Amino acid sequence: MAKPSGWRGILATALRMPMERKFELDEVGLRVWEALDGKTTVAAISSLLQREFKLSRAEAEASLGAFLKTLAARGLIVEP
Amino acid sequence: MTLGWQGFSFEHPDDWALSRVTGTRSRGFLVLSSSGAISCQVRWEPSGDPSAAALRYLKSLSTRKNKVEYSLSDSGEWKRTGATHGRGFATALEDGRLMLIEVMGRAKDQLLPPLRAASSSLCVSRLWSVFGLSVFVPEEYELNKAEFLSARTRLTFRARGGALTAERFGLAAQLLGDADLESWLRSAFLGFAGETHQREDGLGLGRTRQLMKPAERVYARCEPELNQMTVLHGRGRRLELLPEWEWFGPIQNSKQS
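Residue positions within a chain follow its written sequence, with the count starting from 1. Chains carry letters from A onward and ligands carry numbers from 1 onward, assigned in written order. It should be noted that, the model being predicted, local features are given only for residues of pLDDT at least 70 and side-chain atom pairs only at 80 or more, the latter also being counted only at that level, while totals for whole chains, interfaces and linings use all residues. Values shown for side chains rest on all heavy atoms present in the structure; no hydrogens or waters enter the calculation.

Chemist: What should I look at first to understand the sheet that holds strand β9 (residues 98–105) of chain B in this one?
Modeler: Across a sheet, strands are paired by hydrogen bonds formed along the backbone, either parallel or antiparallel in direction. Residues and elements named next belong to chain B. Two strands make a pair as long as DSSP finds a minimum of two bridges between them. Each helix corresponds to a stretch of at least 4 residues labelled H or I by DSSP, and each strand to a stretch of at least 2 residues labelled E; elements are numbered beginning at the N terminus. Strand order in the open sheet formed by 7 strands is β3-β4-β5-β9-β8-β7-β6, and the pairing between neighbours is antiparallel. Two strands close off the open sheet at either side, each with one partner strand: β3 (17–23) and β6 (69–72). Here the strands of the sheet are splayed against their neighbours by 15° on average, with no regard to which way each runs. In what follows, residue pairs with any heavy atoms lying within 4.5 Å of each other are defined as contacts. For every element, the axis is a line fit to its C-alpha atoms; helices are fit only across the contacting stretch, and the angle between N-to-C directions ranges from 0 to 180 degrees. Across the sheet, helix α2 (residues 112–121) lies against β7 (77–81), β8 (85–92) and β9, angled at about 10° from β8, the strand it touches most.

Next up, the structure:
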């Protein structure tokens, strides 16, 4: 869950909008989310997906790249 | 692993994956990329002299800024140096098509072993094998659309009197969840009714031709060792264009590519 900040937070309060956003992740997304600890590299997460979900290198990299872009676009992760 | 595309197939290292493809059965171009600096390009044309085509290709590489040095044998094999190093060959397939295959990389890369593997295994084939999908499709079918999605590969074919979709789903266990294969198949194919054919490694659903509806057949093969599933879905007036169990190809059992 993510709380809005700045103008979004003020507007959310004024308009009595929910102060939290909920994101539902599937099994693979959840595993990636858990691995995003600021220390584990993208390559290591890709290897994890290949190992745990039997994905090929190409599809693990493609899926992970797309998922990380989505998370970044929603402000849930930031690039180092 | 095997690449099968547009009527030809050849073996390639496990860590190579398709990164670009264009064209039709008679003429086209594709690139396989490794996890390192090596890549492989494949060109095919309706017909032609292999040595002349190889020479034409090598001459086309040189520009004013980038001089390409090359040696070309009578058999159509070449070696080139320059900004990129390459080893390749040109040959005529049994069906008359001209093929050029070149493995490229840095000076220190071993380019010859994968090239030898490709040249010794290259043949005319009905196999379509890419990104874990592996199916034999009758020659009559023409590729209409190829979609390479995350954990999903989908090839759509058209023929006179028939249509076929060959699809490979990764993450099969997560996709099915608690559902059994039959209910998932019926749900995925919009309540597709018909007879069920249960097999040890999969399931088939079939419906005969009706007044206003063509015959339809869906076969699914589970490949749990790869956590994937291959589905063949055909419909048409001609029974020979509907999928059979024998259309499932060899499972490409590698997790490196």
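From this point on, the discussion continues.
Chemist: Any chance you could explain the interface of chain A and chain B here in plain terms?
Modeler: Often the size quoted for an interface is simply the accessible area lost on bringing the parts together. Contact residues are listed per partner, giving 11 residues for chain A and 18 residues for chain B. A carboxyl oxygen of Asp or Glu within 4 Å of a side-chain nitrogen of Lys or Arg is what we treat as a salt bridge. Summed over the shared surface of chain A and chain B, the number is 1 salt bridge. Close ionic contact of Arg168(B) with Glu59(A) constitutes a salt bridge, the shortest N to O distance being 2.6 Å. Sorting the residues of the side of chain A that touches chain B by element identifies α2 (27–35), α3 (42–53) and α4 (57–73) of chain A as the ones contributing at least two each. No other element matches α4(A), which puts 4 residues into the side of chain A that touches chain B.

Chemist: So what exactly am I meant to see when it comes to a nonpolar patch on the surface here?
Modeler: A contiguous nonpolar patch, built from Leu11(A), Leu15(A) and Met17(A) and spanning about 310 Å² of accessible area, is present on the exposed surface. To sort residues, take the accessible area from a 1.4 Å probe on protein chains only and compare it with the maximum for the residue type: under 20% means buried, over 50% means exposed, and anything in between is partly exposed. You can call Met17(A) partly exposed: its relative accessible area is 45%. Two joining distances apply to patches: 9 Å for like charges and 5 Å for nonpolar side chains (Val, Leu, Ile, Met, Phe, Trp, Tyr), and every residue must have over 30% relative accessible area and no salt bridge. Note that accessible areas follow from Shrake-Rupley with a 1.4 Å probe, and for residues the cover is restricted to the protein chains shown.

Chemist: Even after reading the chapter, I still don't get the state of the cysteines, so can you show me in this structure?
Modeler: Joining two cysteines, a disulfide is a covalent bond between their sulfur atoms. All names here are of chain B. The rule for a disulfide is simple: a pair of cysteine sulfur atoms within 2.5 Å. Counted according to the given criterion, the structure contains 0 disulfides over all chains. Here Cys-123 stays free of any disulfide, with the sulfur of Cys-40 as its closest cysteine sulfur at 15 Å. Given the relative accessible area of 30%, Cys-123 is considered partly exposed.

Chemist: Sorry, what's going on with the layout of surface pockets here?
Modeler: One simple way to see leftover space: roll a probe sized like a water molecule over the atoms. In this structure, the largest pocket encloses a volume near 460 Å³. Listed by contribution, the elements that provide at least two residues to the lining of the largest pocket are α2 and α4 of chain A together with α3 (172–176) of chain B. Of the residues in the lining of the largest pocket, the class split is 11 nonpolar, 5 polar and 3 charged. Only protein atoms enter the calculation, which uses a 1 Å grid: trapped sets of points that fit a 1.4 Å probe without letting it out are cavities, open sets showing protein on both sides within 12 Å along at least five of seven lines are pockets, and any residue with an atom within 4 Å of a point is a lining residue. Grid points are joined across faces, edges and corners, and a volume is the space filled by probe spheres set on the points. Under the scheme applied here, ten amino acids are nonpolar (Ala, Val, Leu, Ile, Met, Phe, Trp, Tyr, Cys and Pro), four are charged (Asp, Glu, Lys and Arg), and all others, including Gly, are polar.

Chemist: Would you take a moment to explain the sheet that holds strand β15 (residues 162–169) of chain B for this structure?
Modeler: All names here are of chain B. In space, the 7 strands of this open sheet follow the order β13-β14-β15-β19-β18-β17-β16, with antiparallel pairing throughout. Pairing within the sheet leaves two strands with one partner each, and these edge strands are β13 (142–149) and β16 (195–199). Going across the sheet, the axis of each strand differs from the next one's by a mean of 10°, ignoring polarity. Note that strand β14 (residues 152–159) and β15 share 8 bridges and pair antiparallel. Directly across from Thr-156, in β15, lies its bridge partner Thr-165. Strands β15, β16, β17 (202–207), β18 (215–223) and β19 (228–236) of the sheet are contacted by helix α4 (residues 181–188), whose axis makes an angle of about 45° with β17.

Chemist: Can you help me understand the pattern of salt bridges in this one?
Modeler: As a working rule, side chains carrying opposite charge can pair if their charged atoms are close by. All names here are of chain A. All told, the structure shown has 22 salt bridges over all chains when counted by the stated rule. Among the ionic pairs, Arg-57 bridges to Glu-61, the shortest N-O distance being 3.5 Å. Taken together, the residues span about one helical turn, with Arg-57 and Glu-61 both in helix α4 at a distance of 4 residues. On the accessibility criterion, Arg-57 (14% relative accessible area) is buried.

Chemist: What am I meant to see in the packing of α2(A) against α3(A) here?
Modeler: For any two helices packed against each other, one specifies the inter-axial angle together with the distance between the axes. Residues and elements named next belong to chain A. One can describe the packing of α2 onto α3 by two numbers: an axis separation of 11 Å at closest approach and a directional angle of 140°. With respect to each other, α2 and α3 are oriented oblique. Handedness of the α2/α3 crossing: right-handed. Contacts between α2 and α3 involve Glu-27, Val-28, Arg-31, Val-32 and Ala-35 from the first element and Ile-45, Leu-48, Leu-49, Glu-52 and Phe-53 from the second. Within the contact of α2 with α3, the residues separate by chemical class into 7 nonpolar, no polar and 3 charged. Angles are sorted into four bins: roughly parallel if under 35 degrees, roughly antiparallel if over 145, roughly perpendicular if 65 to 115, and oblique for all others. Handedness of each helix crossing follows the sense of rotation of the near helix against the far helix: counterclockwise by less than a right angle gives left-handed, clockwise gives right-handed.

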